[in-house]
Amino acid sequence: MISDPGEPFDVEAFTAEHTVPDEENALVPFRNAIGLLKGKIPAQEISDASDSLCEGTLTDKKMQIALGYVKDNELALQNWEKASHKAYLAEEQPSTINFLSFRESIFDTKYMARMVVIRAWIAAENGNDTEAAKWILCNRRTSRLVELNSNANSRIVGYLINYWTNKLMVKWLAQQEISQVKLEQFLIDVKSIHEMIPPISVDFKMHYLIQLNSQKLLLENRNPKSTPTLSSSIMPWKLYFQGEPELLYRFYGHCIANNLRFIDKPKFQRPKISLSKSGRQYVFETPVGSSLPPSQLTPAQIEDAAQFSPLFNAHYDIEPMMNAFDLELMSHRLIETAIQLEIYRKAKGEFPETLAHAFPSTEELPVDDLESTGAILHYVKENSGHYRLWSVGQDGIDSGGKDLSLGSESADFGIEMIRKP
């Protein structure tokens, strides 16, 4: 048991809760679908083609190769779509995962998801908006399963699938012609998929278990050749805690527990991390020498160091991870709001003058978690078929909703919708 004032973490109970037989494994159907693929995935062509579709550029030989491969693998894609309906189950037993655990979410899943983007585009171009919606939802479910069944490092693939799918969804919303009833059901489905997202703390706990189960790797005098980036993660820990591995895990446990106290809260409600830097004196700046050895640290010093140490940040940088979670949450909220606005347009013939007109009550208005007070998302109607919708973004500054995108580099994080006639 890792005790912490904010949230206790019972390692044995967590492991038991997230362990399932392989035949019940959520990703087994995905593996089976991958096994149906004919020929090697043309990874670069598939990646370039899916990006081009969202940008509106559809020429060159790579596009034809990608379209041909997608067409030839309709059976695999149909099985992939069926697999996406699988309920949440652990990808593999948490008691066995470590740094070397194979993660489908890092390999073929991202290319299959890009193929789904292409498949959705094909359906939309053929005027089959219901079919396009099916494939869009397939990717939404896939991204959730990747995130639910992965550690914090590989969860980034889930973010990428969301990002590709969101760009396609904005493009699709601007031209789709499905009925209001079907679009209302589509919104219900999107929201239910979003509700599959676990607390962020679950990912931190899973990451702790990966560290915990990597003791042998940490103590060996080698770095696995199969993971060339591993040395930057493992070597500092191994050198500083050499001969005292139990303190390494205690230190890491405090890293997890300190962050569990605030990590699940919306950004505008999240307590500030202390500005104290006293913990830095308890971790090394050079592999050996200038700092106190671990055995001389008091429990309070270990806990303090765990919250502020550059050692921890080098291995598992909390701020970028939190930023990624925050942006994903906002992308969900923006997309759901955009669908709600399109439902209003279908009913009234044009987009609303204000967000309040599109929602049944003020309690349901979409909140901007990145704004310091948790204000409502910004919305400006340009004309009957054109609006801008945005969050202030990671910097917390409203830049007026200019040059909006759902990319992290955008000054204001949002959507500009120009409905096609």
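Refer to the structure printed above.
Residues numbered from 1 in each chain as written. Predicted model: local features only at pLDDT ≥ 70, side-chain atom pairs only at ≥ 80, totals over all residues. Heavy atoms only, no water.

Asks: Can you help me understand the overall build of the chain in this one?
Replies: When its secondary structure is counted, the chain shows 16 helices and 3 strands. For the chain, the residues scored as buried account for 53% of the 421 residues in total. Partitioning the contacts of the chain with sequence separation of at least 6, the portion at a separation of at least 24 is 71%. By element, 53% of the accessible surface of the chain is carried by carbon and sulfur atoms, the whole surface being about 18900 Å². (Helix = DSSP H or I, 4+ residues; strand = E, 2+ residues; numbered from the N terminus. Buried < 20%, exposed > 50% of the residue type's maximum accessible area, 1.4 Å probe, protein only. Contact = heavy atoms within 4.5 Å. Areas by Shrake-Rupley, 256 points an atom, 1.4 Å probe, with all protein chains shown as cover.)

Asks: Just to check I follow, could you spell out the side chain of asparagine 73 for this structure?
Replies: Assignment of secondary structure puts asparagine 73 in the loop between helix H4 (61-72) and helix H5 (74-83). Residue asparagine 73 is classed as buried on the basis of its relative accessible area, which comes to 2%. A polar contact of 2.6 Å, which involves the side chain of asparagine 73, links it to the backbone nitrogen of lysine 38. Leaving out residues up to four positions away in the same chain, asparagine 73 has contacts with Leu36, Leu37, Lys38 and Met115. (Polar contact = N/O pair within 3.5 Å; in protein donor to acceptor, adjacent residues only side chain to side chain.)

Asks: Which parts of the structure should I look at to understand the sheet that holds strand E1 (residues 378-383)?
Replies: Strand order across the open sheet formed by 3 strands is E1-E2-E3, with antiparallel pairing between neighbours. Taken across any chain shown, the strands that pair with only one partner, and hence form the sheet edges, are E1 and strand E3 (413-418). Neighbour-to-neighbour, the strand axes of the sheet open up by a mean angle of 10°, direction not taken into account. In this structure, strand E2 (residues 386-391) lies alongside E3, joined through 6 bridges in antiparallel fashion. Looking across to E3, one finds that tyrosine 387 is bridged to methionine 417. (Pairing = 2+ DSSP bridges. Axes fitted to C-alpha atoms, helices over the stretch in contact; angles between N-to-C directions.)

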